[in-house]
Amino acid sequence: MSVNAELRTLEIDIPAQPEALVKLSLLLAEEEVNLTAAASLIEADMALAAAVLKAVNSSLYGLRGRVQSVQQAITYLGMREIAAITFEIGLRAAFPPAAELDPLWARAASRGLVMGRIAHKLSLDAWAAHSAGLFEECGKAVLFRHAPDHYRAMLRAARSDTELLTLEHAGFGVSHDALGAALCESWGLGQAAVACVRHHVLLQFGLEFPPQMPPNRRAIGAVSVIAHALINEPETVDEVTATIAPLAELDVTLALRSVRQVQEQLADALSHGR
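Please read all numbers here as calculations on a predicted model, not as lab measurements.

(A) View of the overall build of the chain. Within the chain, the secondary structure is distributed over 16 helices and zero strands. The globule rule puts the C-alpha radius of gyration for 274 residues at 19 Å, and the 18 Å found for the chain is close to it. Taken along the three principal axes of its C-alpha coordinates, the chain extends 50 × 40 × 40 Å. Counting only residues that meet the buried cut, the chain has 50% of its 274 residues in that class.

Structure representation (structure tokens):
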């Protein structure tokens, strides 16, 4: 799926992937990831390494001891979660600081973590799921950077992301889901993550897959829907999971079990992070 055609005539810049993330992507693409090389790559950028360690030591991960190095962080959390934290920091750094975007980045961190862990328990591509969670709302940052005053008003006016899509199309001729998918593609993320970001609003609010989303890319989209319910309306997560899982050919019982396990992990992390 390519989203570039509809963006070709627009004067909206998609930020380039930082060089450190390009190199990290190449390492992650290898069959056996060289963990020492990955840690060294992150630690070579002092600001990036400090930001990674700050994130790892936050209450979101609930580690019982303080992590002192990127290599130690990889040992505790695994390469996928450290790579995802690094991508989150790199993504955030690609845009000018803005108070309006701070909640977006906070949601991205928690959503990526939840999606990655649910996908892992379902034996899906956990890196694709984690990446999709991180990038889900990044199109909003693209539009904010493009027209901060105009887009700030849109963010205030929209009561939901479905309303926001309508305002974006009227104001810019494109919506944040398409821009987010374009950014995913330009940063080299897999097509399952791209498709999830492109259709996440329809999936989360409509609980159905669009015809143009191939069956082999629907599992990550289903994880997005389940994570959205778990984070925003946990009382509905069982019902949502039972609805969306079969549409992506996921086992409902396993999906429900995975959600409960991730809930317990997060609750445990928060209790130890206090």
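(B) How the structure looks around the nonpolar core. Ranked by size, the top nonpolar core spans 91 residues in total, and within it I82, I118 and F135 carry the most contacts. The leading source of residues in this core is helix α14 (residues 218–232), at nine residues. Leaving out residues up to four positions away in the same chain, I118 has contacts with V223, I226, A227, L230, S258, V259 and V262.

(C) Representation of the packing of aromatic side chains within the structure. Tallying each qualifying case throughout the model produces four aromatic pairs. Measuring from centroid to centroid gives 5.9 Å for F95 and W105, while their planes differ by 35°, and the two rings are tilted. Of this pair, F95 sits in the loop between α6 (79–93) and α7 (102–121) while W105 is found in helix α7, placing the two residues 10 residues apart along the sequence. Each member of the pair, F95 as well as W105, is classed as buried.

(D) Here's a closer look at the side chain of E136. Along the chain, E136 turns up in the loop between α8 (126–135) and α9 (138–146). Within the local environment of E136, its side chain forms a polar contact with the side chain of R111, the two groups lying 3.4 Å apart.

(E) Seen up close, the pattern of salt bridges. The final tally for this structure, using the stated rule, is 13 salt bridges. The partner of R117 in a salt bridge is E81, and the shortest N-O contact between them spans 2.8 Å. Taken together, the positions of R117 in helix α7 and E81 in helix α6 put the pair 36 residues apart, joining distant regions of the chain. E81 shares its class with R117; the two are buried. Of the charged contacts in the structure, one is a salt bridge between E163 and R159, with a shortest N-O distance of 2.8 Å. On the basis of relative accessible area, E163 is assigned to the partly exposed category, the value being 27%. On the basis of relative accessible area, R159 is assigned to the exposed category, the value being 74%. The structure contains a network of salt bridges with shared partners spanning R107, R111, E136, E137, K140 and D161.

(F) Molecular detail of the UniProt feature "domain: HDOD" (unreviewed entry) in the chain. Feature annotation in UniProt assigns "domain: HDOD" (unreviewed entry) to the following positions: residues 14–203. Between the first and last C-alpha atoms of residues 14–203 the distance is 24 Å; the span itself is 73% helix and 0% strand.

(G) The packing of helix α11 (residues 161–172) against helix α13 (residues 191–206), seen in detail. Between α11 and α13, the least distance of the axes is 10 Å, while the angle of their chain directions is 145°. The hand of the α11/α13 crossing is left-handed. Contacts between α11 and α13 involve D161, T162 and L165 from the first element and H200, V201 and F205 from the second. Among the residues making up the contact of α11 with α13, the classes are represented as three nonpolar, two polar and one charged.

Parameters at a glance
Residues numbered from 1 in each chain as written. Predicted model: local features only at pLDDT ≥ 70, side-chain atom pairs only at ≥ 80, totals over all residues. Heavy atoms only, no water. Helix = DSSP H or I, 4+ residues; strand = E, 2+ residues; numbered from the N terminus. Rg over C-alpha atoms; globule rule 2.2 N^0.38 Å. Buried < 20%, exposed > 50% of the residue type's maximum accessible area, 1.4 Å probe, protein only. Core = buried A, V, L, I, M, F, W, Y, C linked by side-chain atoms within 4.5 Å. Contact = heavy atoms within 4.5 Å. Phe/Tyr/Trp six-rings, centres within 6.5 Å; stacked < 30°, edge-to-face > 60°. Polar contact = N/O pair within 3.5 Å; in protein donor to acceptor, adjacent residues only side chain to side chain. Salt bridge = Lys/Arg side-chain N within 4 Å of Asp/Glu carboxyl O. UniProt positions renumbered as here; feature names shortened; annotations may be inferred. Axes fitted to C-alpha atoms, helices over the stretch in contact; angles between N-to-C directions. Left-handed = near helix turned anticlockwise from the far one by under 90°. Nonpolar A, V, L, I, M, F, W, Y, C, P; charged D, E, K, R; others polar.

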